[in-house]
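Descriptive analysis of the structure
The lines below spell out each chain.
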Amino acid sequence: MSAVAIKGWCPGALRPMRSGDGLVVRIRPHGGRLDAKQAAGIAALAERYGNGLIDLTSRANLQIRGVTDAGHRSLIEELSRLHLLDLDPESEARRNILVTPFWSASDDNRSLAAELEQGLAMAPPVLPTKFGFAVDCGTERALASASADIRIERGMAGELIVRADGAELGRPVTRRDAVKVALALAEWFVESGGEGGGGRMAAHIGAGAKLPDALRGHAKPARMIAVPRPGLYPQGAMVGAAFGQVTHAALTYLAKRVQGLRMMPWRMILAEGLREMPRCQGLVTQADDPILRVIACSGAPACREAYADTRELAAALAPHIADDAWLHVAGCAKGCAHSGAAVLTLVATSEGFDLIRGGSTRDAPVLHGLSAGRLIADPSVLTGGR
Ligand code: SF4
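Residues numbered from 1 in each chain as written. Predicted model: local features only at pLDDT ≥ 70, side-chain atom pairs only at ≥ 80, totals over all residues. Heavy atoms only, no water.

Looking at the overall build of the protein chain
- A tally of regular secondary structure across the protein chain gives nine helices and 21 strands.
- Here the C-alpha atoms of the protein chain give a radius of gyration of 21 Å, agreeing with the 21 Å that 2.2 N^0.38 yields for 386 residues.
- Seen through its C-alpha atoms, the protein chain measures out along the principal axes to roughly 60 × 45 × 40 Å.
- By the burial criterion, 54% of the 386 residues in the protein chain qualify as buried.
- Considering only contacts in the protein chain between residues 6 or more positions apart, those separated by 24 or more positions represent 62%.
- Mean positive and mean negative side-chain charge positions of the protein chain (44 and 40 charges, respectively) differ by 1 Å. (Helix = DSSP H or I, 4+ residues; strand = E, 2+ residues; numbered from the N terminus. Rg over C-alpha atoms; globule rule 2.2 N^0.38 Å. Buried < 20%, exposed > 50% of the residue type's maximum accessible area, 1.4 Å probe, protein only. Contact = heavy atoms within 4.5 Å. Lys, Arg positive; Asp, Glu negative; His and termini not counted. Charge placed at Lys NZ, Arg CZ, Asp CG, Glu CD.)

Regarding the site of the ligand
- Close to the ligand lie C297, S298, C303, E305, A306, G331, C332, K334, G335 and C336, which account for all nearby residues.
- The residue inventory of the shell around the ligand, partitioned by class, reads five nonpolar, three polar and two charged. (Near = heavy atom within 4 Å. Nonpolar A, V, L, I, M, F, W, Y, C, P; charged D, E, K, R; others polar.)

Things to note about the nonpolar core
- Counting 45 residues, the largest nonpolar core has I64, L75, L79, L254, L261 and M263 as its most contacted members.
- Top contributing element to this core by residue count: helix 1 (residues 36–49), with six residues.
- For this core, the domains that each give at least three residues are domain 1 (17–88 + 229–284) and domain 2 (102–206).
- Judged by nonpolar contacts, the second largest core, of 32 residues, contains V99, L127, A164 and V173. (Core = buried A, V, L, I, M, F, W, Y, C linked by side-chain atoms within 4.5 Å. Domains from an automatic or database assignment.)

A short note on the environment of D107
- Structurally, D107 is set in the loop between strand 6 (97–99) and helix 4 (109–122).
- According to the relative accessible area criterion, D107 is partly exposed, its value standing at 25%.
- Engagement of the side chain of D107 in a polar contact is seen with the side chain of N109, the distance being 3.1 Å. (Polar contact = N/O pair within 3.5 Å; in protein donor to acceptor, adjacent residues only side chain to side chain.)

What to know about the confidence of the model for the protein chain
- Taken as a whole, the protein chain shows an average pLDDT of 92; of its residues, 96% reach a score of 70 or greater.
- Low confidence marks residues 1–8, where pLDDT is under 50. Its contacts with residues over four positions away, or in another chain, come to 26 contacts. (pLDDT = per-residue confidence, 0-100.)

So, the pairing of strand 20 (residues 352–359)
- In the sheet, strand 19 (residues 342–349) pairs with strand 20 via seven bridges, with the strands oriented antiparallel. Residue pairing across strands places A348 opposite F353, the latter belonging to strand 20.
- Once strand 19 ends, the chain turns through two residues before running back antiparallel as strand 20.
- Bridge count for strand 20 against strand 21 (residues 367–370) is two bridges, and the pairing is antiparallel. The residue bridging F353 from the neighbouring strand is L370, located in strand 21. (Pairing = 2+ DSSP bridges.)

Thoughts on the environment of D213
- Relative to the helices and strands, D213 resides in the loop between helix 6 (201–206) and strand 11 (231–233).
- Put simply, D213 and A315 are 102 residues apart on the chain and 50 Å apart in space, counted from C-alpha to C-alpha.
- Here R216 takes part through its side chain, which lies 3.0 Å from a polar atom of the side chain of D213.

So, the sheet that holds strand 19
- Pairing is mixed in the open sheet, where five strands are placed in the order 17-18-19-20-21. Each of the sheet's edge strands pairs with one partner strand only, and the pair in question is strand 17 (294–296) and strand 21. Looking at each pair of strands side by side, their axes are set apart by 20 degrees on average, direction ignored. (Axes fitted to C-alpha atoms, helices over the stretch in contact; angles between N-to-C directions.)

Considerations on the pattern of salt bridges
- Considering all chains together, one arrives at 19 salt bridges under this definition.
- A salt bridge links E272 to R262; its shortest N-O distance comes to 3.0 Å. Taken together, the residues E272 in strand 15 (residues 268–272) and R262 in strand 14 (residues 260–264) connect sequence positions 10 residues apart. Neither E272 nor R262 differs from the other in exposure class; each is buried. (Salt bridge = Lys/Arg side-chain N within 4 Å of Asp/Glu carboxyl O.)

Quick look at the domain arrangement of the protein chain
- Domain parsing of the protein chain yields domain 1 (17–88 + 229–284), domain 2 (102–206) and domain 3 (290–383).
- Distance between the C-alpha centres of domain 2 and domain 3: 33 Å.

Overview of the side chain of R95
- Here R95 shows up in the loop between helix 3 (89–94) and strand 6.
- Relative accessible area serves as the criterion here: at 8%, R95 is assigned to the buried category.
- Among the polar contacts listed, one links the side chain of R95 to the side chain of D86, at a separation of 2.8 Å.
- The residues touching R95, leaving out its near neighbours within four places in the chain, are R28, P29, H30, D86 and E117.

A short note on the sheet that holds strand 8 (residues 150–154)
- Across the sheet, five strands lie side by side as 6-7-8-9-10; this open sheet has mixed pairing. Each having just a single partner strand, strand 6 and strand 10 (171–172) make up the two edges of the open sheet.
- Bridging between strand 9 (residues 160–164) and strand 10 involves two bridges; their strand directions are antiparallel. When the bridges of strand 10 are listed, I161 appears paired with P172.

Concerning the packing of aromatic side chains
- Evaluation of the coordinates by the stated rule reveals three aromatic pairs.
- On the numbers, 5.5 Å between centres and 35 degrees between planes, the contact of F102 with Y233 is tilted. You can see F102 sitting in the loop between strand 6 and helix 4 and its partner Y233 sitting in strand 11, a full 131 residues away along the chain.
- One aromatic cluster is present, formed by F131, F133 and F189 through successive ring pairs.
- Note that R257 overlies the ring of Y253, its terminal NZ or CZ placed 3.6 Å from the centroid.
- Over the ring of W103 we find R262, and its NZ or CZ is 3.4 Å from the ring centre. (Phe/Tyr/Trp six-rings, centres within 6.5 Å; stacked < 30°, edge-to-face > 60°. Lys NZ or Arg CZ within 6 Å of the ring centre and 35° of its normal.)

Here's what the structure looks like:
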């Protein structure tokens, strides 16, 4: 195995990111789950050391916002007491594992995730910071649309497979070999120059990289389900959060009612065991809530890089976005809230908003210099009147 190392920089609890509203402290729950004590603890810490707001990220992590430099050390000590901290920033950064929220105590998902976490901690290949894994071993795949580079999932016949993101077929594995093969695939990625192709597996495969025979498979992955929406599921109540952000009060409310919270990509939470949708301000509980069709970074004044307020505009435009579309509003071209393409993207600039259709914040706009007032007064501008 390669030497322990991490490329680039990835924000975490030990290495926080500075934003316009203070330090952003990212917490990666082990196995994608917080027990009730950890969830209540994070809520209390966000109130005490941060500004009370907690981001749910697209990688199923949480971020306490608005932490001061002076408060960071105490916050870290408290997180350690809650068993939410890694030994060092490198271990923390490489623990990038999504777990299907639909696991049950009797299936392999959690044990595979724990074994993978251990494997990455002990003898990790040198991976780019955004490189991640998905453990998605239900009979149907729940994480197929979530960002991951190596997937442990099921094939059409129910067999366990390991699949490189971007490859149509996966390699069948036994339960015992699954993590070993996933780590070997990660090593192959590095050794075959995957980092040069943007550091993501699908781009590497798309650029023509050929998997070696030992890692190539012939198993078609199982059916994928649509991105889950808020509602009741056998495992509990799934709730969203406007702009992927919950208050400490909403997290406390949930923590009091559950044994655990399963963190999901798509900025949602599955509250274990709830048989009724929670009623708490700030939690999105309706599957058709228009607020789920928009995404926006913190924008001004929270972020000092922002050229404009983003969330007020996104909330005002949300009811005008078609059911099958979605809008990303970014305070600047960095596009922190969403790095990929969206049906509609608005990027704030010093001269107003740029509009991009079917692209990301880095793509060429079709319209420049739109004011928030004009967009709100005439949302048809977004679609060109269509
Ligand atoms: S996209 Fe720009 S404005 Fe928005 S949070 Fe990131 S840096 Fe700040």
